[in-house]
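A closer look at the structure
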Amino acid sequence: CDAAPRPNACNRRTPLRPRPKEPRSRGAMAQVAPAAAAELLPCQRDSYLRTVQATVRSCREAKAALGSGGSGGKKKDKSKSKAPVQALFEVVLDQTCLYPEGGGQPSDRGTIGDFETTANVVDVLTAPDGSVVHTVDQRFDEGEQVTVSIDWERRYDLMQQHTAQHALSGYAERRFGLETVSWELGREVVCVDFKPSTEGVEGDLNGDTVAQLAGWVNEAIRSAPRIKAHALTAATPPEDYPAAMRGLDEAPDFGARPVLRLVEIEGGVDFGPCGGTHVANLAECQAFAVLSLERNRGAARVVFLAGGRAVARLGAALGREAALGKAFSCAPDELVARTEQALAARRDAVKESKALQAELAEALGAALGTSAAADMLKCASCHRTAPATPPFLGAIFAAAQDVCKDATVLLTASNGPDAKDGMVLLAGPADAVALAAPEVARCVDARGGGKKGRWQGRAAKLTAQAVAEAQEAMRRALASAE
């Protein structure tokens, strides 16, 4: 997860025990009392609501535009290109089916439109006064009648991941005494951070316990328990509390909330406050898979996938397995051994290649050193039509210097037989290099630098003619100093 997890609105610290010990009947999500329902968003009353008709209460231009690094969610572009900046508008409606960001669950995406205009919703937030603000890319008039539609594929994915988080957190708390301290529902994975819920409790996660948690969650998915939402107000009598809350020693803490919304996965899987959206039956989560267990600021972080994400990851993994099996001509259970063999062979090949390169550099350098020793100007040059690294060129010069200490050597290497760009190295006595480097760089259009008798850089013109001109320019520069 790229960002630090947000505080968890699924507050597991609220004393809502004991949990029901016996499995309960399956069915649809529970209806809430009218007084409590009036305080909930439409998506909190029905997570499957995909569209609503609404009236625009207000519309004003947003402070930041799309592409400027503001509320559109785009980072500021530091490049020199001037992309067009699109104006954004903050729209408040009399009702919406879109969920505003909160409690670790990202905000919904979708569209708001009328007969003439369809606007994309790029963000949804709750304002300090409690109104839901939609950030859109088109302007609307106050009083206008519009249709609000949700990006259902994205919403359903978030519902699957969020519900799976409830199941994971429920089992971690009940079986291992671990509290969910934070979580993050990312674009690709979900992260949940756990710590012991009570001081002195020895609760931690390792590979074995995480595997147990995953097994319990998948077993619960197969058992298909219903998921019910309960909404309570301070006026709700205790006898109307959900069964999981009956017998509490103290009343729940409503704080400043007019409504306490509680989400229950039947069968004792999980029960606690939450304002997000969830599937109606845990079976809709399809599958649950833990990707990794990490350590994050003293907490145990579980990274997982569920639902369509898990199925897609499995499909991709099977596709890669089939491709690797075809490449290695082996069965799936032989892939690990074949991959280890291939990696070992590659390491041996790299080691052998380095040894051969060292031998080649030694041979080329010795020949250049011999040539320089016989030359009146003590200079030599070599051009290769194969890619070369600065260390390889440096090794050639070092070998040449071993034969002729005062040699001035020009080495050029294009990035292929037909390539015009590549590397250039001019090395030798400091005075000679300082004198010849500007002329050589001009001939091959090179950019670089150096000191103490060594100049190197990248050349843009390593044609046969340009290289020959550079070699001749080096000789003229050295001759002028005689």
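Residues numbered from 1 in each chain as written. Predicted model: local features only at pLDDT ≥ 70, side-chain atom pairs only at ≥ 80, totals over all residues. Heavy atoms only, no water.

**Looking at the side chain of D270**
Tracing the sequence through the fold places D270 in strand 12 (residues 270-273). Residue class for D270 comes out buried when judged on its relative accessible area of 2%. Within polar-contact distance, the side chain of D270 engages the side chain of H166 at 2.9 Å. (Helix = DSSP H or I, 4+ residues; strand = E, 2+ residues; numbered from the N terminus. Buried < 20%, exposed > 50% of the residue type's maximum accessible area, 1.4 Å probe, protein only. Polar contact = N/O pair within 3.5 Å; in protein donor to acceptor, adjacent residues only side chain to side chain.)

**Remarks on helix 9 (residues 464-480)**
Look at helix 9: 25 Å from first C-alpha to last across 17 residues, which is about the 24 Å you get at 1.5 Å a residue. If you check which residues of helix 9 are buried, you get A466, V467, A470, A473, M474, A477 and L478. Taken around the axis of helix 9, the buried residues stretch over an arc of 130°, which confines them to a single face. Opposite the buried face of helix 9, by more than 90 degrees, sit the exposed residues A464, Q465 and S480. Of the surrounding elements, those touching the buried residues of helix 9 are strand 15 (379-384), strand 16 (408-414), strand 17 (422-427) and helix 8 (430-444). (Expected span 1.5 Å × (residues − 1). Arc of directions from axis to C-beta. Contact = heavy atoms within 4.5 Å.)

**As for the sheet that holds strand 16**
Here five strands make up an open sheet; going across it, the order is 15-16-17-19-18 and the pairing mixed. Of all strands in the sheet, those bounded by a partner on one side alone are strand 15 and strand 18 (446-450). The mean angle between the axes of side-by-side strands here comes to 15°, regardless of whether they run parallel or antiparallel. By the bridge criterion, six bridges tie strand 17 to strand 19 (residues 454-459) in an arrangement that is antiparallel. Of the residues in strand 19, the one forming a bridge with G422 is A459. Those strands touched by helix 6 (residues 335-374) are strand 15 and strand 16, and its axis lies near 145° from that of strand 15. Running at roughly 160° to strand 17, helix 8 makes contact with strand 16, strand 17, strand 18 and strand 19 of the sheet. (Pairing = 2+ DSSP bridges. Axes fitted to C-alpha atoms, helices over the stretch in contact; angles between N-to-C directions.)

**Side note on the confidence of the model for the protein**
The predicted model of the protein averages 87 in pLDDT, with 85% of residues at 70 or higher. No element of the protein has a lower mean pLDDT than strand 1 (residues 6-7), at 36, and none a higher one than strand 7 (residues 145-150), at 97. The low-confidence segment residues 2-9 (pLDDT under 50) makes 22 contacts with residues lying over four places distant or belonging to another chain. Confidence over residues 12-31 falls short of pLDDT 50; this stretch has 59 contacts with residues more than four positions distant or in other chains. (pLDDT = per-residue confidence, 0-100.)

**Topic: the pattern of salt bridges**
Under the criterion given, the structure shown has nine salt bridges. For R475, the salt bridge identified is with D375, shortest N-O distance 3.1 Å. With a gap of 100 residues between them, R475 in helix 9 and D375 in the loop between helix 6 and strand 15 connect regions that are remote in the sequence. Given the relative accessible area of 30%, R475 is considered partly exposed. Residue class for D375 comes out buried when judged on its relative accessible area of 17%. (Salt bridge = Lys/Arg side-chain N within 4 Å of Asp/Glu carboxyl O.)

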